[in-house]
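Structure at a glance
Below are the chains, spelled out letter by letter.
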Amino acid sequence: MRPFLSEGTNSIRVLALSVAALLIFNGCNVGPKYHPPTEQAPAAYKEITPENQKDVENWKTAQPSDDALRGKWWEIFGDPELNSLEDQVNVSNQSIASAEASFMAARAMVKEARSQLFPTVTTSPSVTREKQSANLKEFSTSSSGLGGSTPTATVSKAFNDYDFPFDATWVPDLWGKIRNTVNASAYGAQASAADLANTRLSMQADMAVDYFQLRSQDSLKQLLDTTVQAYQESLRLTKVLYATGIDNDESVAQAETQLESTEAQDTNVGILRSQYEHAIAVLVGQPASTFSIPVEPLKTPPPPIPIGIPSQLLERRPDVAADERLMAQANAQIGVARAAYYPTLTLSASGGFESTNASNWFSWPSVLWAIGASASETIFDAGLRRATVQQYRSMYDETVANYRQTVLTAFQQVEDNLAALRVLSQEVQEQDVAINSAQRYLTDANNRWKLGLDPYLDVISAETALLSNQQTMVNLRMQQITASVQLVEALGGGWDKTQLPSTAALVSKTP
């Protein structure tokens, strides 16, 4: 028994030393080192200058940082109904639920990849009853001294075989293939987390835009209702004047036409309002048939929006962060492809208990074991590995181009909405003057018509001009508030890349 123990102990020592050497050598990584991109951000937004900023009251620089967008950004609009709807979006929106499930799947892939860093241990206990064939014969040396062998019959007996084996295999990560796989999966999961944040921001912005457009339809409805009432009064007065011989039937027909045309416009408003209401129902995860929002004209003014500086934009846009993480993932995949050039070492060990008697199944004499190692290396693959590395390098270059395009688009969207707010602010002021002028024109036309100086057609012209200018103002207010929402979205909605989960968080047990 001692020689057996000595031999086994020496083998185990040799294996332990080999494993220790491998662990030291395990730090080798043949993949390229990742360097985060350094995009040059403009020093300032073109639309924010001392000359432009004084034209728009709802801009302010996000300094100090307490002024920056954060958390529930929609609360800056001060609308309780919108706040309630946005809370429902975060809980019940199915696009967000889908993105969240995709992130959880990506997180599970990190854990799958990380499991390859550790040995795999299996066991397959079994109990069998066996009987060998009686026709099997074994050879024994003849006693005749002639040096030959003669077959001897074997007695066949049935016996039990109790087997409790353990098998372990481990592929040391000598060249960083597994570590790069883990990193690639972690970067992919972080990109998925950023996609989730971007989906959530998009759904929240869509909700705010649809809500304010619905409220704008309510404002238009209120305007047309008031106008219809005014036209009804004009028609009544025209009929009175016609009955007294002061006016003619032509004026009555003109007044009737104007009233009926405006009533048709008033009725038509219900189409768009219903469509916006149905869109909001989908965003909050409810059937359109059972969802409704009370009528209320738009009263929310554009709020002050902290703009920040351009260099902060790259830290606050989830779509920019997602593309940057995809770059890191593609870089790690190059390392995975490069590792295929180097040999793979597999360590294996097996052991357990085997006996023909259950009473001594787990005794020391029933112990069996084996340890070993094997290596494999591809000698010829007709350029497969080289082509694979080239493929992943090209995929990395693609992610770089996508990242830069996303950055350019981000700056464009901010500048677009800044320009829209600047121009709309000026238009609103000019349109307000136009409405006052149209109102004065209508007052004069009415007075002259009542005195019989001008035909009723002049009154219709003045009323049409006033209604058109009032409708334009409603539209400008709607564009102004939706541009504010879209500017918040373009600025990232208060998100920043520090909210991305770390690798440690991705592999933790908590969801």
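One structure accompanies this document, and this report is about it. (Residues numbered from 1 in each chain as written. Predicted model: local features only at pLDDT ≥ 70, side-chain atom pairs only at ≥ 80, totals over all residues. Heavy atoms only, no water.)

Each pocket or cavity is described by its volume, and for the largest pocket that value is around 390 Å³. Along the walls of the largest pocket sit 24 residues, with Val171, Pro172, Lys177, Ile178 and Thr344 positioned nearest its centre. Of all the elements in the fold, those that place two or more residues in the lining of the largest pocket are β6 (158-170), α5 (177-243) and β8 (344-355). Considering every element that reaches the lining of the largest pocket, the biggest residue donor is α5, with three residues. Put simply, the second largest pocket is a space of about 320 Å³. Along the wall of the second largest pocket there are 20 residues; nearest its centre are Ala197, Arg200, Gln204, Trp495 and Gln499. Residues that form the lining of the second largest pocket fall into these classes: 11 nonpolar, seven polar and two charged. (1 Å grid on protein atoms, 1.4 Å probe; cavity = no way out; pocket = protein on both sides within 12 Å on 5 of 7 lines; lining within 4 Å. Points joined across faces, edges and corners; volume = space filled by probe spheres on them. Helix = DSSP H or I, 4+ residues; strand = E, 2+ residues; numbered from the N terminus. Nonpolar A, V, L, I, M, F, W, Y, C, P; charged D, E, K, R; others polar.)

Next up on the list: the pattern of salt bridges. Here the structure, examined in full by the defined rule, presents 15 salt bridges. Taking the shortest distance from any N to any O, the salt bridge between Arg273 and Asp218 comes out at 2.4 Å. Here the residue Arg273 occupies a position in helix α6 (residues 249-283), and Asp218 occupies one in helix α5, the gap between them amounting to 55 residues. With its nearest N and O atoms 2.7 Å apart, the salt bridge here joins Arg385 to Asp381. Taking the relative accessible area as the measure of exposure, Arg385 reaches 14% and is therefore buried. Here the salt bridges share partners, and the residues they tie into one network are Arg215, Asp218, Arg273 and Glu277. (Salt bridge = Lys/Arg side-chain N within 4 Å of Asp/Glu carboxyl O. Buried < 20%, exposed > 50% of the residue type's maximum accessible area, 1.4 Å probe, protein only.)

Attention shifts here to the packing of aromatic side chains. If you walk through the whole model with that rule in mind, you get 12 aromatic pairs. Here the aromatic rings of Trp73 and Trp74 are separated by 5.6 Å at their centres, their planes lie at 75°, and the arrangement is edge-to-face. Both residues of the pair, Trp73 and Trp74, count as buried. Geometrically, the ring pair formed by Phe164 and Trp361 is tilted, given 6.2 Å between the ring centres and 50° between the ring planes. A residue pair is termed long-range when its members are at least 10 positions apart, and Phe164 in strand β6 and Trp361 in the loop between β8 and β9 (367-376) qualify at 197 residues. Taken together through their ring pairs, the aromatic side chains of Tyr162, Phe164, Phe166, Phe353, Trp361 and Phe362 make up a single cluster. (Phe/Tyr/Trp six-rings, centres within 6.5 Å; stacked < 30°, edge-to-face > 60°.)

This part takes up the side chain of Asp210. Secondary-structure assignment places Asp210 in helix α5. For the buried residue Asp210, which engages in no salt bridge, the nearest side chain bearing the opposite charge is Arg215, 13 Å off. (Lys, Arg positive; Asp, Glu negative; His and termini not counted.)

Take helix α8 (residues 318-338) next. An α-helical turn contains 3.6 residues, so any two residues separated by three or four positions project in the same direction. Over its 21 residues, α8 extends 31 Å from the first C-alpha to the last, a length consistent with the 30 Å expected when each residue adds 1.5 Å. In terms of residue burial, α8 counts as a mostly covered element, since 17 of its 21 residues are buried. (Expected span 1.5 Å × (residues − 1).)

It is worth spelling out unusual backbone geometry at this point. Its identity as a non-glycine residue notwithstanding, Ala382 has a phi of 60°, on the positive side. Under the relative-accessibility criterion, Ala382 is labelled exposed at 64%.

Bringing helix α3 (residues 80-92) into the picture now. Over its 13 residues, α3 runs 18 Å from end to end, which matches the ideal 18 Å to within 8%, given 1.5 Å per residue. For α3, the set of buried residues is Leu82, Asn83, Leu85, Glu86 and Val89. Mapping the buried residues of α3 onto a view down its axis gives an arc of 165°, with all of them on the same face. In this structure, α3 carries Pro80 and Val91 as exposed residues pointing more than 90 degrees from its buried face. The inward-facing, buried residues of α3 contact α4 (94-114), α5 and α6. Regarding α3, its N-cap is Asp79, as a side-chain oxygen of that residue lies 3.0 Å from the backbone nitrogen of Glu81 further along. (Arc of directions from axis to C-beta. Contact = heavy atoms within 4.5 Å. Polar contact = N/O pair within 3.5 Å; in protein donor to acceptor, adjacent residues only side chain to side chain.)

Quick look at the packing of α5 against helix α10 (residues 456-490) now. Here α5 crosses α10 at 170°, and the two axes come no closer than 9 Å. As judged from the angle between their axes, α5 and α10 are roughly antiparallel. (Axes fitted to C-alpha atoms, helices over the stretch in contact; angles between N-to-C directions. Parallel < 35°, antiparallel > 145°, perpendicular 65-115°, else oblique.)

Attention now moves to empty space enclosed by the protein. One water molecule sets the probe size; rolling that probe over the atoms shows where empty space is left. All chains considered together, the criterion is met by one cavity of 30 Å³ or more. Approximately 70 Å³ is the volume found for the largest cavity. Tallying contributions element by element places helix α7 (residues 310-316) first for the lining of the largest cavity, with three residues. When the residues that make up the lining of the largest cavity are grouped by side-chain class, the tally is seven nonpolar, two polar and one charged.

Bringing the nonpolar core into the picture now. Counting 84 residues, the largest nonpolar core has Trp73, Phe212 and Leu491 as its most contacted members. Among the secondary structure elements, those contributing two or more residues to this core are α3, α4, α5, α6, α7, α8, α9 (384-450) and α10. Broken down by element, the residue count for this core peaks at 19 residues, all from α5. (Core = buried A, V, L, I, M, F, W, Y, C linked by side-chain atoms within 4.5 Å.)

Next up on the list: the environment of Phe103. For Phe103, the location among the structural elements is in helix α4. In this structure the C-alpha to C-alpha distance between Phe103 and Ala189, which are 86 residues apart in sequence, comes to 6.2 Å.

Moving on: the packing of α3 against α5. Taken N-terminus to C-terminus, the directions of α3 and α5 make an angle of 145°; their axes are 10 Å apart at the nearest point. Considering only the axes of α3 and α5, their crossing is right-handed. Contacts between α3 and α5 involve Glu81, Leu82, Leu85, Glu86, Val89 and Asn90 from the first element and Arg200, Met203, Gln204, Met207, Ala208, Tyr211, Phe212 and Arg215 from the second. Considering only residue class, the contact of α3 with α5 consists of eight nonpolar, two polar and four charged. (Left-handed = near helix turned anticlockwise from the far one by under 90°.)

On to the environment of Ala322, then. Within the element layout of this structure, Ala322 appears in helix α8. In this structure the C-alpha to C-alpha distance between Ala322 and Ala193, which are 129 residues apart in sequence, comes to 7.8 Å. Apart from the residues lying within four places of it in its own chain, the contact partners of Ala322 are Ala191, Ala194 and Asp195.

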